[in-house]
Amino acid sequence: QAVRWHIQLQPWASPTPSLNYEASRFLKYISTSQISCEHMNLNSLKGYSETTKKPWSICLDERFSLIHRIRSKQCRLYSLGLGNDDNQFELNMANSGCEVHRFDPSIKSAHIQEGRHLWYHRLSIDWRDPNPAIAAHKLHSNTKKLGTVLNEFGHQKIDVLKADVESAEWKILENLILEDVVEQIGQLVFEVHIHWPGFEVSGNDSTVVRYWYSLLRELELKDFRLFHTYKDLSKPQMFLKKEAFNASSCYTLSWVNTRWK
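Everything numeric in this text was worked out from a predicted model, so none of it was measured. (Residues numbered from 1 in each chain as written. Predicted model: local features only at pLDDT ≥ 70, side-chain atom pairs only at ≥ 80, totals over all residues. Heavy atoms only, no water.)

On to unusual backbone geometry, then. Residues other than glycine seldom take positive phi values, yet E200 does so here, at roughly 60 degrees. With respect to the helices, strands and loops of the structure, E200 is situated in the loop between β8 (185-193) and α7 (205-221). A positive phi is found at D223, a non-glycine position, where the angle reads about 75 degrees. Position of D223 among the secondary structure elements: in the loop between α7 and β9 (224-231). (Helix = DSSP H or I, 4+ residues; strand = E, 2+ residues; numbered from the N terminus.)

Here's what the structure looks like:
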């Protein structure tokens, strides 16, 4: 299979490029569930109190693999974050018997195990591996692609990939799609930020939104279906630095890989 360098861009939403048309298509897309999911939090398992500040929704319906893998203590969660202190979701997943790996470049040691099922790694998951020439000068180069980490850890599959990476999510998602790593993932729960284009995303506003939309359509082509959208109303109502679109600057989107039965 040939290496892909670029995602397939969708046609423009209108005959001539227009931010209004791109924005309305994108916002409608992220606000529309593609598949229904009845059970979306760990409360449905056993006495969990819902104390998380944000709904990190996962699909625990019987027709998908996650609930069965939790019950058989075979599930694995990767959590990508940046110094975020709200790790209740990770703790709940670990308490359910899932193997939880939290990647956060701000932690003190290279690897910390907390409890039987929870590991912290001083690593930043990125859309590229470190340049060897630069990495050689640094004792611990702590930026790697997800595919590289999976190989190093000997993990074939991740049941849930949770990401709260402050605008690096678009390029990370692109990397997962281009390298076919996304096929090794059962569910994606991503916080997406739309108040600016995101790290290393270039182009004018309409081009940026078309790129975002095209990325999400690529997920759909890979059999991922959006089942939950959380619009964070505590964040400024900004869309590419404009207040025009009645959009929050931050959404949490949850997809299930429908190939994982």
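This part is about the sheet that holds strand β4 (residues 118-121). Either a parallel or an antiparallel arrangement is found when strands of a sheet pair, and the pairing is made through backbone hydrogen bonds. Pairing is mixed across the open sheet formed by eight strands, whose spatial order is β3-β4-β2-β1-β7-β8-β10-β9. A strand with exactly one partner marks an edge of an open sheet, and here the two such strands are β3 (111-114) and β9. Each neighbouring strand pair of the sheet contributes to a mean axis angle of 15 degrees, computed without reference to strand direction. Lying on the sheet, helix α5 (residues 146-153) is in contact with β1 (76-81), β2 (99-103), β4, β7 (158-164) and β8; it crosses β1 at an angle near 135 degrees. (Pairing = 2+ DSSP bridges. Axes fitted to C-alpha atoms, helices over the stretch in contact; angles between N-to-C directions. Contact = heavy atoms within 4.5 Å.)

F26, L146, W170, L188, W212, L216 and F239 are the most contacted members of the largest nonpolar core, which totals 52 residues. At eight residues, α7 tops the list of elements feeding residues into this core. Once residues lying within four places of it in the same chain are set aside, the contact partners of W170 are F26, V192, H193, I194, P197, G198, V201, Y211, W212, L215 and L216. Counting residues in hydrophobic clusters, the runner-up holds 19 residues, among them I58, L60, C75 and Y120. (Core = buried A, V, L, I, M, F, W, Y, C linked by side-chain atoms within 4.5 Å. Buried < 20%, exposed > 50% of the residue type's maximum accessible area, 1.4 Å probe, protein only.)

Here we come to the packing of helix α1 (residues 19-30) against α7. Where α1 meets α7, the axes come as close as 9 Å, and the angle between the chain directions of the two elements is 30 degrees. One finds that α1 runs roughly parallel with respect to α7. Read as a crossing pair, α1 and α7 show a hand that is left-handed. Touching L19, E22, A23, R25, F26, Y29 and I30 of α1 are D205, S206, V209, R210, W212, Y213, L216, R217 and E220, all from α7. (Parallel < 35°, antiparallel > 145°, perpendicular 65-115°, else oblique. Left-handed = near helix turned anticlockwise from the far one by under 90°.)

A few words on the packing of aromatic side chains. The relative placement of two aromatic rings is captured by the distance of their centres and the angle of their planes. Applying the stated criterion across every chain yields a total of ten aromatic pairs. A centroid spacing of 5.2 Å and a plane angle of 85 degrees characterise the contact between W196 and F199, whose relative ring orientation is edge-to-face. W196 gets classed as partly exposed once you look at its relative accessible area, which sits at 26%. Judged by centre distance (6.0 Å) and plane angle (80 degrees), the ring pair of W212 and F239 falls under edge-to-face. Here W212 is found in helix α7, whereas its partner F239 is found in the loop between β9 and β10 (250-257), with 27 residues between them in sequence. (Phe/Tyr/Trp six-rings, centres within 6.5 Å; stacked < 30°, edge-to-face > 60°.)

Moving on, we get to the pairing of β1. Extensive coverage of β1 is indicated by the burial of six of its six residues. Of the two faces of β1, the one carrying R76, Y78 and L80 and the one carrying L77, S79 and G81 are both buried. Both β1 and β2 contribute to a ladder of five bridges, which runs parallel. Following the sheet pairing, Y78 is matched in β2 by H101. Pairing geometry for β1 and β7, over five bridges, is parallel. Note on β7: the bridge partner recorded for S79 is K162.

Right, let's get into the state of the cysteines. In this structure the tally under the stated criterion is two disulfides. Linked covalently through their sulfurs, C37 and C59 form a disulfide whose S-S length is 2.2 Å. Of note, the bridge from C37 to C59 carries an S-S torsion of about 105 degrees and is right-handed in sense. A residue pair is termed long-range when its members are at least 10 positions apart, and C37 in the loop between α1 and α2 (65-71) and C59 in the loop between α1 and α2 qualify at 22 residues. With relative accessibility at 11%, the residue C37 sits in the buried group. (Disulfide = S-S within 2.5 Å.)

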